[in-house]
Amino acid sequence: MSYTAATVQLLSPEGTLVHSDASEQYLPYVDKLSDDALQEFHRHMVVMRRFDIEAANLQRQGQLALWVPSHGQEAAQVGSALAAKPQDHLFPSYREHVIALMRGVDPITILSMFRGLSHGGWDPKEHDNFHLYTLVIGSQTLHATGYAMGMGLDGRSGTGDPEKDAAVMVYFGDGSTSQGDVSEAMVFAASYQTPQVFFLQNNHWAISVPVSRQSRTPLYLRGEGFGIPSVQIDGNDVLASFAVSKANLDAARSGEGPRFIEALTYRMGAHTTSDDPSKYRDNSELEFWAQRDPITRFETYLRARGASQSFFDELATEGDDLAADIRKRILELPTPATSTLFDHVYSDPHPVMDAQRQALADFEASFEEGN
């Protein structure tokens, strides 16, 4: 399932602006962007891909238990994240690494979770309202909708003050749309007219099941079925991701209710490093999407606008520096005490956690006594 007649595209695969009936309402958002702003889009995408490659290498070398690649989905994530305001709350699944970095999460925090050294997590208040990774498929849509309901009840949207009004944006994948949680989230979002944007990254594969088997119709129509205004975009077009996300977030903040965006993109690598996509995908599909690479496309656009070679060289250096930094720091991480398994399960001390912590300590001590 690829582009349809409804797909909004602002930047063609050849790197030129698209003028069409679908794009005209969104191009003004792009016209307002300076060269510096456009180059910032590219910087995030390029540096993220280098980080992603290094993390996959670390896993293959036994330094991470698992890695979840985002190669190919950079434009969907970067564009939408740059459309959000600091007061907006972003709820990720487990592949939104670049958004985490953009919101100030230390990359080593993400890697320590995949190394098995922590439960993962950070305080959203300290990271521009970027919430925790969620590995339970689709459940973050319920978390996001509940939070958006609270924001609406608290009067934090629709006040007419764009500097204070806030919205929620939740990220999820095509496989998640087969989960009941997602449907329930949209029911409550539509009923309560929450200040919320559902951002679906349709990367065409729910592990080994193609989206064409999950849905006989384009997934953006799911939102329409719940009465939520919905749009389908070229998710490999960072300008479309930014402009459409900005328009829909503005609408949600102003009190117009929830919105749904389906970003058509492609997972170029494996679902995770425990997966072998060569078992279920053919090379022709991979080649089709490789020709629509979001970074290559945007680089062509920037070069046509006059971006210098030194700019691209600097990005390559920045990416290499980040890769070297995370490799050094991940190898220096100490093994945490086993007792930390029980930390932060509850916000306050809890007798069940205390009992389990003591039981584990007694069990480990029994081995020492046996010696």
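Let me begin by describing the structure that accompanies this report.

### Focus on the overall build of the protein
A tally of helices and strands in the protein yields 14 helices and seven strands. Relative to the globule expectation of 21 Å for 371 residues, the C-alpha radius of gyration of the protein, 21 Å, shows essentially globular dimensions. Taken over the C-alpha atoms alone, the protein extends approximately 75 × 50 × 40 Å along its principal axes. In the protein, the proportion of contacts linking residues at least 24 apart, taken out of those at least 6 apart, comes to 75%. Here the protein displays about 16,500 Å² of accessible surface, and carbon together with sulfur accounts for 52% of that area. Across the protein, 29 positive and 50 negative side-chain charges occur, with their mean positions spaced 3 Å apart.

### What to know about a nonpolar patch on the surface
Among the surface-exposed residues, Val 187, Phe 188 and Tyr 192 lie close enough to one another that they form a single nonpolar patch of about 290 Å² accessible area. Tracing the chain through its elements places Phe 188 in helix 7 (residues 180-192).

### Examining the packing of aromatic side chains
In total, this model carries 20 aromatic pairs according to the counting rule given. Above the plane of the ring of Phe 288 lies Arg 292, whose end atom (NZ or CZ) is 3.7 Å from the centre. One residue, Arg 303, lies across the ring of Phe 312, its end atom 4.1 Å from the ring centre.

### Points about helix 13 (residues 309-332)
For helix 13, which comprises 24 residues, the first-to-last C-alpha distance of 35 Å matches the rise-based estimate of 34 Å (1.5 Å per residue) to within 8%. The set of residues buried in helix 13 consists of Phe 311, Phe 312, Leu 315, Gly 319, Leu 322, Ala 323, Ile 326 and Ile 330. On the buried face of helix 13, the contacting elements are helix 2 (35-60), helix 4 (97-102), helix 5 (107-115) and helix 12 (294-304).

Thresholds applied
Residues numbered from 1 in each chain as written. Predicted model: local features only at pLDDT ≥ 70, side-chain atom pairs only at ≥ 80, totals over all residues. Heavy atoms only, no water. Helix = DSSP H or I, 4+ residues; strand = E, 2+ residues; numbered from the N terminus. Rg over C-alpha atoms; globule rule 2.2 N^0.38 Å. Contact = heavy atoms within 4.5 Å. Areas by Shrake-Rupley, 256 points an atom, 1.4 Å probe, with all protein chains shown as cover. Lys, Arg positive; Asp, Glu negative; His and termini not counted. Charge placed at Lys NZ, Arg CZ, Asp CG, Glu CD. Patch = residues over 30% accessible without salt bridge, like charges linked within 9 Å, V, L, I, M, F, W, Y side chains within 5 Å. Salt bridge = Lys/Arg side-chain N within 4 Å of Asp/Glu carboxyl O. Phe/Tyr/Trp six-rings, centres within 6.5 Å; stacked < 30°, edge-to-face > 60°. Lys NZ or Arg CZ within 6 Å of the ring centre and 35° of its normal. Expected span 1.5 Å × (residues − 1). Buried < 20%, exposed > 50% of the residue type's maximum accessible area, 1.4 Å probe, protein only.

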